[in-house]
Amino acid sequence: MEALLKHELGLSFVKATGQGGGGCINEGLGYDTDKGKIYAKINTKKEAKVMFDGELASLEAILATATVRVPKPMKVLHHPATEGAVLAMEYLDMKGLSTHAAKLGEQLARMHLLNEELLKQKQIGGSRIGGGSDVECVTRFGFPVTTCCGIIPQDNEWCDDWVVFYTRNRLKHQLDMIERNCRDREARELWPQLERKIPELFEGLDIKPALLHGDLWGGNVAETSSEPDTLFAVIFDPASLYGHSEYELGIAGMFGGFNRSFYTAYHKLIPKASGFDKRHELYKLFHYLNHWNHFGAGYRGSSISIMRSLIR
């Protein structure tokens, strides 16, 4: 791995630090180099390049907004011994999010609002506000490349209508996989009823595309004290898209979630719109379905329960 990093990143010195990390999908290793510490995410499966290409594009998009800290991405490399891939990025010393939870809520809201602000400036012909010079104004929902929530590729084909995008490219995609793999009769029967109900949950809303992390649960956030600036909260492992800002919070409350200060700071800038609670359940549904497809029937009960409750 050291030889690969040297060659592909133009380094003269690379040494493993023994520091690492990872999860149930990828392995992670830290390295000292002549250009500072780097972190390598490693996956030996052939699908890894698509996953890492999506993550690199997501990190680049978030980084360009200059709103919330992410590790600076470097390059996706071919794994030297397998059909897999390696994603090289900046190494950050991180610890669990605590002191800066409220700051993260504020920064995340500012990231979600940035594209809407750019759209307003474009309409009135004003100068650019916020973000870096690489931030583009986006008018549709989707993302330029495929991203993966876990290991499952997501269809990010651009769409003018968020409700259509979310229904087709997120929920139906997951339920089609469940049908192929599980043949679950109840899910099959509930889906047409829910699909007809979904537009009602968005009546009266004017949804503008917001850049989202896409998989913002408690395991993908941290804080660092190693930065010279004020962006001490860190988010990582994104599966980005331009979508409804509320979608971001769907998984935020699952698996431990965030404390009250995070939500207070977030909703101070983006107040809850009418019907938020039901849409929140709809957005949680995607993640329960995604976990059902990843990890099996242990997530079936939660998925079916949400579908039933939304139909009532």
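Residue numbering note: each chain is counted from 1, following its sequence as written. Predicted model: local features are reported for residues with pLDDT of at least 70 only, side-chain atom pairs are reported and counted for 80 or more only, and whole-chain, interface and lining totals are derived from all residues. The side-chain quantities take in all heavy atoms of the structure and omit both hydrogens and water.

To form a nonpolar core, buried Ala, Val, Leu, Ile, Met, Phe, Trp, Tyr and Cys residues must be joined to one another through side-chain atoms within 4.5 Å. Only protein chains enter the accessibility calculation, which uses a 1.4 Å probe; a residue whose area is less than 20% of its type maximum is buried, one above 50% is exposed, and one in between is partly exposed. Core analysis: the largest hydrophobic core is formed by 37 residues, its most contacted members being Phe52, Ile62, Leu104, Leu211, Ile235, Phe258 and Phe262. To qualify as a helix, a DSSP run of H or I must reach at least 4 residues; to qualify as a strand, a run of E must reach at least 2; elements of each kind are numbered from the N terminus. Secondary structure elements with two or more residues in this core: α2 (48-65), β5 (85-90), α3 (101-124), β10 (233-235) and α6 (260-269). Apart from residues no more than four positions distant in its own chain, Ile62 is found in contact with Val68, Val70, Met111, Leu211, His213, Ile235, Pro238 and Ser240. Core analysis: the next-biggest nonpolar cluster, separate from the first, contains 35 residues, Phe165, Ile207, Ile251 and Met254 among them. Only heavy atoms matter for contacts: two residues are in contact if any of them lie within 4.5 Å across the pair.

Time to look at the environment of Tyr247. Its location among the elements puts Tyr247 in the loop between β11 (241-243) and α6. A sequence separation of 35 residues divides Tyr247 from Leu282, and the C-alpha atoms of the two residues are 8.8 Å apart. Apart from the residues within four sequence positions on either side, Tyr247 is in contact with Gln154, Trp162, Tyr166, Arg170, Leu212, Gly214, Leu241, Tyr283, Phe286 and His287.

Let's shift gears to the packing of aromatic side chains. Aromatic contacts are taken between Phe, Tyr and Trp rings whose centres are within 6.5 Å, Trp giving its six-membered ring; a plane angle under 30 degrees counts as stacked, one over 60 as edge-to-face, and the others as tilted. Counted under the stated rule, the structure contains 17 aromatic pairs. Measuring from centroid to centroid gives 5.6 Å for Trp162 and Phe165, while their planes differ by 25°, and the two rings are stacked. Here the residue Trp162 and the residue Phe165 both occupy positions in helix α4 (residues 162-182), the gap between them amounting to three residues, near one helical turn. The buried category is assigned to Phe165, whose relative accessible area is 0%. A centroid spacing of 5.7 Å and a plane angle of 20° characterise the contact between Trp162 and Tyr166, whose relative ring orientation is stacked. With Trp162 and Tyr166 both in helix α4 and four residues apart, this pair spans about one turn of that helix. Tyr166 matches Trp162 in its accessibility class, with the two residues each being buried. Each member of the aromatic cluster is reached from another via a ring pair, and the members are Phe141, Trp162, Phe165, Tyr166, Phe202, Tyr247, Tyr283 and Phe286.

Let us now look at the pattern of salt bridges. The salt bridge criterion pairs a side-chain nitrogen of Lys or Arg with a carboxyl oxygen of Asp or Glu, the two atoms within 4 Å. Going through the model one piece at a time under the given rule, you end up with 19 salt bridges. Salt-bridge contacts for Glu106 lead to Arg110; the nearest nitrogen and oxygen are separated by 3.2 Å. In this pair, Glu106 and Arg110 are both assigned in helix α3, four residues apart and thus about one turn of the helix distant. Through salt bridges that share partners, Asp184, Glu186, Arg300 and Arg308 make up one connected network.

In this structure, Tyr299 sits in the loop between α7 (276-295) and α8 (300-311). Using a relative accessible area of 23% as the deciding quantity, one classes Tyr299 as partly exposed. Counting along the chain gives 10 residues from Tyr299 to Leu289, while the straight-line C-alpha distance between them is 7.2 Å. If we ignore the near neighbours within four places in the chain, the residues touching Tyr299 are Phe255, Tyr288, His291 and Trp292.

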